Amino acid sequence: MTEETALERERRAKIARWRSEGKEPYPWSFPGRVPTDVVRSAAAGLTPGESDPARSFRVAGRLRSLRRHGQVAFLDLDDAAGSLQLLLRADLLGDEAYRGWLADLDSGDIVGADGVASVTRRGEPSLEARSLTLLAKAIAPPPEKFHGLQDVEERIRRPYLDLLTSAESRERLRVRSLLVREVRRYFEAAGFLEVETPVLVPVAGGAAAAPFVTRSNYLGADLRLRIATELPLKKLLVGGAEKVFELGKSFRNEDLDSTHSPEFTELEAYWAYADYTEMRGFFEGLLAHLAGRAAELLPDSPARTKAAEAFRPPSRTVDFVDELERASGIPGLLDKSREELREIARRVGSTVPDSSPRGTFLEKLFEHFVEPTIDRLTFVVDHPEATTPLAKRHRSKPGRVERFEAFVPGYELANAYTELNDPDDQARRFEEQARGTGGDRYAYDADFVRALRYGLPPCTGIGFGVDRLVMALTGAESIKDVILFPIARTRTE
RNA sequence: GGGCCCGUAGCUCAGCUCGGUAGAGCAGGCGGCUCUUAACCGCAAGGUCAGGGGUUCGAAUCCCCUCGGGCCCGCCA
């Protein structure tokens, strides 16, 4: 385990000194404190060098830095509202108390302060301290005060240290929370009911991805972590629900990269008696609303500009097949056999297994020829049936399904269908998927097909990655930038 | 899975090309300073140079392996 450094020994000695004076280094509470911005605004009217004994305040937060100048000292205190300078004067606190404070306090300590609003001679709004209270002694020193935590590995493994020193990281945390709240409100305002379906499932269906497998002692059986919420949510529509959504984690046992995380936050919504055209209108409304909110929330920056560019109307719409044929210069793709498609895919560098289902090769070609050309919000519509086992056959385009995917530059944002609700067709599509001996397959969920036999109303559904949505809205480069605790290898110490 | 790059004090970084036994700043210790805000000045302290092996009289430096991380490619509705 970690050996104690000389620095930490020094700080423990300060705790011991503190206790020997009968004081508690980790007290239980600190009632009556106000956020630091309250003091800042109270001090705003004062002239430099002035303090106002009539306006006394109690604040609490973390000491970021201490500047000692003999008989006077300046301490920077951070709380969630911002930062406030504490002014310590030996002539006000008494020489012994003053020296004691400076001897026992370190940057990183959580402290409380009582004092009065003041402005220093140099014009900094401050709290002129009358007394200080140690609220939690920090034994480990905080990261470097100016550069912060630069080591990428440490930032991932110990996000709290990154938050401690990086205002930018704290800002991302706040913006993500506010945007997710807006998403919830938008669905609720449209009459959607938020529900929770199981994370632990016997069959992980609704998508083609490797699940995490775990074990139930009670059941004496293996369970999987869900890879999507599609199937249980549709079962709720069979049960009579008409508008539901779930916002929660899904898990896919795949690699981590700038747009994929094994554990990610997903929103899926299902809407009875509506089709994918109506869903698209609803979703575009959501995006327009969120882009507006993001513009308000984010400080002006290249990232904000990048995000705004992607969502600047009008959005583009392209037909999956037409666009693929145009971009690749290969006509008649829909009529080509699995073998022909496989050959074309291999020619452009795809290495998916030869035995993959036909739809996989079409998707590879799309990724290769069309995705790199996407430079703003783009809706790709009406995919070949072979790519999509859970979507309803297109009402007028043969061989297609009613589906749209929303893309921003670099990644897919959302995926929506008019949902397949014919139980016999569903069973057949699952079987077609299963016939591919390699590649990815949708797990056959027998209970889902059974549910459809009782009648799923015509409906539309959408799924999108919340992490990716936040990335797109904030212009983040990596999914790790919007996830507080990204997955990391367990380190053996 | 393939390629490239990185790992030096608690933190931020030099030193590696061209081998000679470890440097700075911040933080911490001691001393000084009544207006600083990356405060400043002086003194002292702080290291398994990610880990292991090899080459060499001698390795932070060169070679190999392992661990951890990053980026790109592949794979991943």
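Not measured: the values here are computed from a predicted model.

Asks: Let's hear about the overall build of chain A: which residues, and what values?
Replies: Assigned secondary structure in chain A consists of 16 helices and 16 strands. Taking all 493 residues of chain A together, 48% fall into the buried category. Here the analysis covers contacts within chain A between residues at least 6 apart in sequence; of these, 66% occur between residues at least 24 apart. Working note: accessible area of chain A is about 24,600 Å², and carbon and sulfur atoms make up 51% of it.

Asks: Would you mind going over empty space enclosed by the protein in detail, with residue names and values included?
Replies: Scanning all chains against the criterion turns up one cavity of 30 Å³ or more. As for the largest cavity, its lining consists of Lys-14, Ile-15, Trp-18, Asp-104, Leu-134 and Lys-137. In terms of residue count, the dominant contributor to the lining of the largest cavity is helix H1 (residues 6-20) (three residues). In terms of residue class, the lining of the largest cavity is built from three nonpolar, no polar and three charged.

Asks: Describe in detail helix H13 (residues 358-369), supporting the description with residues and values.
Replies: With 12 residues, H13 should reach 16 Å at 1.5 Å per residue; the first-to-last C-alpha distance of 17 Å fits that figure. Gly-359, Thr-360, Phe-361, Leu-362, Leu-365, Phe-366 and Phe-369 are the residues of H13 that are buried. Where H13 is buried, its residues meet helix H11 (320-328), helix H12 (338-347), strand S13 (378-381) and strand S14 (403-408).

Asks: Tell me about the environment of Gly-112, and name the residues and values.
Replies: Relative to the assigned elements, Gly-112 resides in strand S4 (residues 110-119). As for Gly-112 and Leu-63, which are separated by 49 residues in sequence, their C-alpha atoms are 9.7 Å apart. Residues in contact with Gly-112, not counting those within four places in the same chain, are Phe-30, Val-59, Ala-60, Ser-131, Leu-132, Thr-133 and Leu-135.

Asks: Can you lay out the domain arrangement of chain A for me, pointing to particular residues and giving the numbers?
Replies: Taken domain by domain, chain A holds domain 1 (6-136) and domain 2 (165-315 + 376-481). Placing the centre of domain 1 and that of domain 2 at their C-alpha centroids yields a distance of 49 Å.

Asks: Give a description of the packing of aromatic side chains that names residues and reports values.
Replies: Aromatic ring pairs are reported here in terms of the distance separating the ring centres and the angle at which the planes meet. This structure, assessed with the given rule, holds 15 aromatic pairs. Measuring from ring centre to ring centre gives 5.3 Å for Phe-187 and Phe-192, while their planes differ by 75°; the resulting arrangement is edge-to-face. Accessibility assignment for this pair places Phe-187 and Phe-192 in one class, buried. When the ring of Phe-192 is compared with that of Phe-282, the centres are 5.4 Å apart and the planes differ by 35°; the resulting orientation is tilted. Separated by 90 residues along the polypeptide, Phe-192 in the loop between helix H7 (167-189) and strand S6 (193-194) and Phe-282 in helix H9 (residues 276-297) bring together distant segments of the chain.

Asks: Help me get a handle on the pairing of strand S10 (residues 243-251), residues and values and all.
Replies: With seven of its nine residues buried, S10 lies for the most part within the structure. By the bridge criterion, two bridges tie S6 to S10 in an arrangement that is parallel. Residue Leu-193 lies in a different strand from S10, and its bridge partner there is Val-244. As paired elements, S10 and strand S11 (residues 263-272) share nine bridges and run antiparallel to each other. Among the inter-strand pairings, Val-244 is bridged to a residue of S11, identified as Tyr-270.

Asks: Now, about the sheet that holds S10: what can you tell me, with residues and values included?
Replies: Across a sheet, strands are paired by hydrogen bonds formed along the backbone, either parallel or antiparallel in direction. If you trace the eight strands from one edge of the open sheet to the other, you get S6-S10-S11-S16-S15-S14-S13-S12, paired in mixed fashion. Because the sheet does not close on itself, it has two edges, and the strands there are S6 and strand S12 (316-319). Relative to strand S15 (residues 411-418), S14 runs antiparallel, the two being bridged by six bridges. The residue bridging Arg-403 from the neighbouring strand is Tyr-417, located in S15. Strand contacts of helix H16 (residues 466-474): S10, S11, S14, S15 and strand S16 (459-465), with the helix running at about 125° to S15, the strand carrying the most contacts.

Asks: Describe in detail the side chain of Ser-126, supporting the description with residues and values.
Replies: Positionally, Ser-126 belongs in strand S5 (residues 125-136). Within the local environment of Ser-126, its side chain forms a polar contact with the side chain of Gln-85, the two groups lying 3.1 Å apart. Look past the residues within four positions of Ser-126 in its chain and what remains in contact with it is Val-39, Ala-43, Leu-84, Gln-85, Leu-87, Val-116, Ala-117, Ser-118 and Thr-120.

Asks: Residue-level account of the packing of H1 against helix H4 (residues 95-104), with values.
Replies: In helix packing, the relevant descriptors are the interaxial angle and the interaxial distance, both defined with respect to the helix axes. Contact geometry for H1 and H4: axes closest at 10 Å, N-to-C directions at 145°. Contacts between H1 and H4 involve Lys-14, Arg-17 and Trp-18 from the former and Trp-101, Ala-103 and Asp-104 from the latter. Looking at side-chain class alone, the contact of H1 with H4 contains three nonpolar, no polar and three charged residues.

Asks: So what's going on with the protein's contact with RNA strand B? Residues and values would help.
Replies: Taken together, 48 residues form the shell around RNA strand B, and within it Arg-122, Lys-145, Glu-153, Ala-208 and Lys-480 come nearest. Within the side chain of Thr-120, a nitrogen or oxygen atom sits 2.7 Å from a base oxygen of RNA strand B. Taken together, the elements giving at least two residues each to the surface near RNA strand B come down to H1, strand S1 (51-69), strand S2 (72-79), helix H5 (152-157) and H13. Its residues assigned to classes, the surface near RNA strand B shows 11 nonpolar, 12 polar and 25 charged.

Asks: Any details on the nonpolar core? Residues and values, ideally.
Replies: Among the nonpolar cores identified, the biggest contains 47 residues, and Phe-187, Phe-283 and Phe-464 are the most heavily contacted of them. Those residues within four positions of Phe-187 in sequence are excluded, and the remaining contacts are Phe-192, Phe-245, Leu-267, Ala-269, Phe-282, Leu-286 and Phe-464. Within the second largest apolar cluster, 29 residues are counted, among which are Trp-18, Phe-57, Val-59 and Leu-127.

Asks: Describe the pattern of salt bridges, with residues and values.
Replies: Counted by the stated rule, this structure contains 52 salt bridges. Among the ionic pairs, Asp-319 bridges to Arg-400, the shortest N-O distance being 3.1 Å. Of this pair, Asp-319 sits in strand S12 while Arg-400 sits in the loop between S13 and S14, placing them 81 residues apart in sequence. Here the salt bridges do not stand alone but share partners, grouping Arg-11, Lys-14, Asp-106, Asp-109 and Lys-137 into one network.

Asks: Please give an account of unusual backbone geometry that cites residues and values.
Replies: Here Pro-313 and Pro-314 are connected by a cis peptide whose omega angle stands at 0°. With respect to the element layout, Pro-314 can be found in the loop between helix H10 (302-311) and S12. The phi dihedral of Tyr-273 falls on the positive side, at around 70°, and the residue is not glycine. Look at Tyr-273 and you get exposed, because its relative accessible area is 57%.

The rules behind each value
- Residues numbered from 1 in each chain as written.
- Chains lettered and ligands numbered in written order.
- Predicted model: local features only at pLDDT ≥ 70, side-chain atom pairs only at ≥ 80, totals over all residues.
- Heavy atoms only, no water.
- Helix = DSSP H or I, 4+ residues; strand = E, 2+ residues; numbered from the N terminus.
- Buried < 20%, exposed > 50% of the residue type's maximum accessible area, 1.4 Å probe, protein only.
- Contact = heavy atoms within 4.5 Å.
- Areas by Shrake-Rupley, 256 points an atom, 1.4 Å probe, with all protein chains shown as cover.
- 1 Å grid on protein atoms, 1.4 Å probe; cavity = no way out; pocket = protein on both sides within 12 Å on 5 of 7 lines; lining within 4 Å.
- Points joined across faces, edges and corners; volume = space filled by probe spheres on them.
- Nonpolar A, V, L, I, M, F, W, Y, C, P; charged D, E, K, R; others polar.
- Expected span 1.5 Å × (residues − 1).
- Domains from an automatic or database assignment.
- Phe/Tyr/Trp six-rings, centres within 6.5 Å; stacked < 30°, edge-to-face > 60°.
- Pairing = 2+ DSSP bridges.
- Axes fitted to C-alpha atoms, helices over the stretch in contact; angles between N-to-C directions.
- Polar contact = N/O pair within 3.5 Å; in protein donor to acceptor, adjacent residues only side chain to side chain.
- Near = heavy atom within 4 Å.
- Core = buried A, V, L, I, M, F, W, Y, C linked by side-chain atoms within 4.5 Å.
- Salt bridge = Lys/Arg side-chain N within 4 Å of Asp/Glu carboxyl O.

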